[in-house]
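Residue-level structural notes
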Amino acid sequence: MKRDKIIYYTATGLLTAIMLFSVSMYFFQHEAIKEAFTGFGYPTYIIYPFATAKLLGLIAIWNPNFKAIKEWAYAGYFYAFILAFFAHYMIGDGQEGTAVLAIVALIVSYIFNKRIAK
């Protein structure tokens, strides 16, 4: 059980670091993110709501009382990371590695969250 908790907290910590970096870029490097979103063909008005949703997802994942919302947060992150991977891959900017790392951390976090919640 101790090993499972270590793996869970490590994966969830890595996921949190990736998300906080992403959110900080959205808020503090808005012009660069705006250019990236334009390059992807995404509307730029979704940058702030997307950053807010990422923060709310982290709150849900770290809070043990939000069991149903936590499932939605994991699902939302999964779809966001898959879309991020393909967006970066399709424009060929070479930035899809972070999305792959986030997907792996998310899956490990999800699996070990289920193990320690029993």
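Let me sum up the structure you'll find in this document. (Residues numbered from 1 in each chain as written. Predicted model: local features only at pLDDT ≥ 70, side-chain atom pairs only at ≥ 80, totals over all residues. Heavy atoms only, no water.)

**Considering the environment of I61**
Residue position: I61 is located in helix α3 (residues 47–62). Judged by relative accessible area, which is 0%, I61 ranks as buried. C-alpha of I61 to C-alpha of T12: the two residues are 49 residues apart in sequence and 8.4 Å apart in space. In this structure I61 touches Y8, T12, L15, K70, A73, Y74 and Y77, once residues within four positions along its chain are discounted. (Helix = DSSP H or I, 4+ residues; strand = E, 2+ residues; numbered from the N terminus. Buried < 20%, exposed > 50% of the residue type's maximum accessible area, 1.4 Å probe, protein only. Contact = heavy atoms within 4.5 Å.)

**A few points about the side chain of D4**
Mapped onto the elements of the fold, D4 is located in helix α1 (residues 2–28). In this structure, D4 is in contact with F112, R115 and I116, ignoring residues within four places of it in sequence.

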